[in-house]
Every structure is written in structure tokens, then in C-alpha cells.
Amino acid sequence: MFEIRGIARVGLGLLALALIFWRAALTITSLNSGDEAALLAFPLTVIFPALLVAILLSMPPTKTREGLLMRVGTVLHLLLILSLPNFALYLALGFPFVFLTVEIFETRLPARLTAPLSRLVLK
């Protein structure tokens, strides 16, 4: 069984929380300047990705390493969506790239490169 290391789980969760507060501050700043677009976009561009990150980080261990790497890749991709609001739509459309990247990582790169990188996040 494969699972995300505790320190990686906490780190990703804290990063998501920091990004949520940052985006909330940006929304408040936008509202103070009279722009309501940030508030209208907040549920879909902040709350929904953050909820998905929380769900992915709380999922039980998986039987395959590739499945867990795809889960971690999806979390990282969602964090990019949270951190780059101007590119959120383009990033959301790029989710298949996460799965392609994991597939290339697992099948084409040498083990001497992939093993240390995987050990940072997986246990």
C-alpha cells in the first residue's frame, strides 16, 4: 500500500490554506476597489479546488504507486490553480497533462532519477 508521507500531507495542506487566505485577501482588495468579479469567481476558483485538495489529501492509501503519484500531481495542479488566478481556466483545462506527466515519469525516466523524487512524497 502506498500513501503520502505525513510531512508532505501537512505541507501541502498548509500551502493550500495559505493560498486560500491570500486569495481571500485579494478578493477583499478587489471588492474595496469596486470590482465584484473576484467575489463571484471565489467559489469556483478557490473553494472548489481547496475542497478537492482536502479530499485528495484525506483519501486512504492506494494499491499502486502510479495512482498515488497521480493523486499528488492533481493536488499540485490544484495548488497551481489556486495560486495563479489569471491562468486558472487554462490550468483546469490542462489536467490530462498531469496524468501524461506521471506516465512519462514512471515509464520513461530512469529509476535513479525517479526513486529519490518519489521517496520525498511517498512512503
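Structure first, text after, so check above.
Quick caveat: nothing in here was measured; it's all calculated off a predicted structure.

Comments concerning helix H2 (residues 37-58)
Next, step 1: Under the 1.5 Å per step criterion, the end-to-end length of H2 is 31 Å for 22 residues, consistent within 8% with the ideal 32 Å.
Next, step 2: Taken together, the buried residues of H2 touch helix H1 (6-32) and helix H3 (65-83).

Regarding the environment of Trp22
Next, step 1: Following the sequence through the fold, Trp22 ends up in helix H1.
Next, step 2: Put simply, Trp22 and Pro49 are 27 residues apart on the chain and 14 Å apart in space, counted from C-alpha to C-alpha.
Next, step 3: Once residues within four sequence positions are removed from consideration, Trp22 is found in contact with Leu82, Ser83 and Pro85.

Notes on the environment of Thr27
Next, step 1: Along the polypeptide, Thr27 turns up in helix H1.
Next, step 2: Judged by its relative accessible area of 7%, Thr27 is buried.
Next, step 3: A C-alpha to C-alpha distance of 13 Å links Thr27 and Leu44, two positions 17 residues apart in sequence.
Next, step 4: Not counting residues within four places of it along the chain, the set of residues in contact with Thr27 comprises Ala38, Leu39 and Phe42.

Examining the side chain of Arg23
Next, step 1: Tracing the backbone shows Arg23 in helix H1.
Next, step 2: Within the structure, the side chain of Arg23 is placed 3.0 Å from the backbone oxygen of Leu82, a separation counted as a polar contact.
Next, step 3: The contacts of Arg23, once residues within four sequence positions are left out, are Phe42, Thr45, Val46, Ile81, Leu82 and Pro85.

Describing the packing of H3 against helix H5 (residues 95-107)
Next, step 1: At a closest axis distance of 9 Å, the pairing of H3 and H5 adopts a crossing angle of 140°. By the angle between their axes, H3 is oblique relative to H5. Of the two elements, H3 crosses H5, and the hand of that crossing is right-handed. Between H3 and H5, the residues in contact are Arg65, Glu66, Leu69, Met70, Gly73, Thr74, His77, Leu78 and Ile81 and Phe95, Val98, Phe99, Val102, Phe105 and Glu106, respectively.
Next, step 2: By residue class, the composition of the contact of H3 with H5 is 9 nonpolar, 3 polar and 3 charged.

Reading guide: rules and limits
- Residues numbered from 1 in each chain as written.
- Predicted model: local features only at pLDDT ≥ 70, side-chain atom pairs only at ≥ 80, totals over all residues.
- Heavy atoms only, no water.
- Helix = DSSP H or I, 4+ residues; strand = E, 2+ residues; numbered from the N terminus.
- Expected span 1.5 Å × (residues − 1).
- Contact = heavy atoms within 4.5 Å.
- Buried < 20%, exposed > 50% of the residue type's maximum accessible area, 1.4 Å probe, protein only.
- Polar contact = N/O pair within 3.5 Å; in protein donor to acceptor, adjacent residues only side chain to side chain.
- Axes fitted to C-alpha atoms, helices over the stretch in contact; angles between N-to-C directions.
- Parallel < 35°, antiparallel > 145°, perpendicular 65-115°, else oblique.
- Left-handed = near helix turned anticlockwise from the far one by under 90°.
- Nonpolar A, V, L, I, M, F, W, Y, C, P; charged D, E, K, R; others polar.

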